[in-house]
Amino acid sequence: MDFITLCGAPAGRIGQGTWELGVRPERAAQERDALRAGIEAGMTLLDTAEMYGEGAAEELLGQAIRGFDRERLYLVSKVYPHNAGRQNIFQCCEDSLRRMGTDYLDLYLLHWRGTIPLAETVECMEELKARGRIRAWGVSNLDRSWMEDLFRTDGGDRCLTDQVLYHLGSRGVEYDLLPWLQQHQLPLMAYCPLAQGGSLRQELLGSPAVQQIARTRQASPCQVLLAFLLAQSGVVPIPRSSSARHTLDNAAALDLRLTAEELGILDKAFPAPDHPTPLDVV
Ligand SMILES: NC(=O)c1ccc[n+]([C@@H]2O[C@H](COP(=O)([O-])OP(=O)(O)OC[C@H]3O[C@@H](n4cnc5c(N)ncnc54)[C@H](OP(=O)(O)O)[C@@H]3O)[C@@H](O)[C@H]2O)c1
């Protein structure tokens, strides 16, 4: 597994998402197995949130990681914006830790910007770090101007990443946010890297460009989508799967290095915008 460094800790170049996992008891065993297969294949960065199934995804993740060496894992969770202030964040973090069965998070993210001032969230995040409950913190769904606001806030430049929607069919971040993060040497965590299995952009997985590369390289269309993101400097995709077969397929995308010509084919079929666009969200 090709590593990037997040807060001095090695985190896999591809992570695993958990949205919608843990909410259907009849599927829990299969979902746990999928996450475990991914960890064994080196996808040790695991992304969750208190919001996902109102704690159910964190609980499932906690079950999936049991028995693995905690220090080998890179656990990420997120706090709701309305909880990201002095009144609630400390208890919310404890609740996330308890559900996941761990005593620290590697990374704690503000899920999106709400009404609590960024300065208060930053102070609380730093306090959680000092208490040893989190090793680092970051944000999610912040566009470039909001990142600039954050960096103008006292201590805001200790933010470690911005997790945003980014896939081949939605490339708005390439215009301004991604270059800004690269300039500040911050990784971008790409959520919905598979456009939710293609459902966010119907023509993506079946497009001639993706299909042609998949055929030539004997890869799956999902691997082509992930390889496109992996070709961007500092981008960490976090695909989610409830199936071990799909998870292993995603892990193997690391072996698919697209050529400049193949990247050109994808770029032509799904060009990045040449003007600022609002951040895409789900
Ligand atoms: N910060 C935020 O606001 C935010 C928002 C959304 C998501 N996220 C995070 O990002 C993660 C990823 O995003 P996402 O879950 O929305 O969507 P995604 O990873 O783009 O797509 C997930 C879908 O793709 C399918 N899939 C996965 N691997 C596949 C493969 N190799 N072949 C075919 N189908 C495959 C899955 O089905 P199967 O289960 O059948 O494999 C599932 O339906 C989330 O789980 C979550 O952790 C964060």
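The structure presented is a predicted model; accordingly, all values stated were derived computationally and were not measured.

Q: Honestly, the site of the ligand in this entry has me stumped. Any pointers?
A: Around the ligand lies a shell of 27 residues, among which D47, R240, S241, S242 and H246 are the nearest. Within the side chain of S242, one N or O atom sits 2.6 Å away from an oxygen atom of the ligand. When the ligand sits alone it has 890 Å² of accessible area, and the protein chains cover 87% of it. The residue makeup of the shell around the ligand, split by class, is eleven nonpolar, twelve polar and four charged.

Q: Looking at this structure, how should I read the pairing of strand β4 (residues 74–79)?
A: Successive residues of a regular strand alternate their side chains across the two faces of the sheet. Where burial is concerned, most of β4 is hidden: six out of the six residues are buried. Neither face of β4 is left uncovered, since the one carrying Y74, V76 and K78 and the one carrying L75, S77 and V79 both have all their residues buried. Pairing of strand β3 (residues 45–47) with β4 involves three bridges; the strand directions are parallel. Each bridged residue has a counterpart across the sheet, and for D47 the counterpart in β4 is V76. What joins β3 to β4 is helix α2 (residues 56–65), and the crossover it makes is right-handed. With four bridges connecting them, β4 and strand β5 (residues 107–110) associate as parallel partners. Within β5, the position partnered with V76 by the bridge is L107. The parallel pair β4 and β5, bridged by helix α3 (residues 89–100), forms a crossover whose chirality is right-handed.

Conventions adopted
- Residues numbered from 1 in each chain as written.
- Predicted model: local features only at pLDDT ≥ 70, side-chain atom pairs only at ≥ 80, totals over all residues.
- Heavy atoms only, no water.
- Near = heavy atom within 4 Å.
- Polar contact = N/O pair within 3.5 Å; in protein donor to acceptor, adjacent residues only side chain to side chain.
- Areas by Shrake-Rupley, 256 points an atom, 1.4 Å probe, with all protein chains shown as cover.
- Nonpolar A, V, L, I, M, F, W, Y, C, P; charged D, E, K, R; others polar.
- Buried < 20%, exposed > 50% of the residue type's maximum accessible area, 1.4 Å probe, protein only.
- Helix = DSSP H or I, 4+ residues; strand = E, 2+ residues; numbered from the N terminus.
- Pairing = 2+ DSSP bridges.
- Right-handed = clockwise from strand over helix to strand, strands pointing away.

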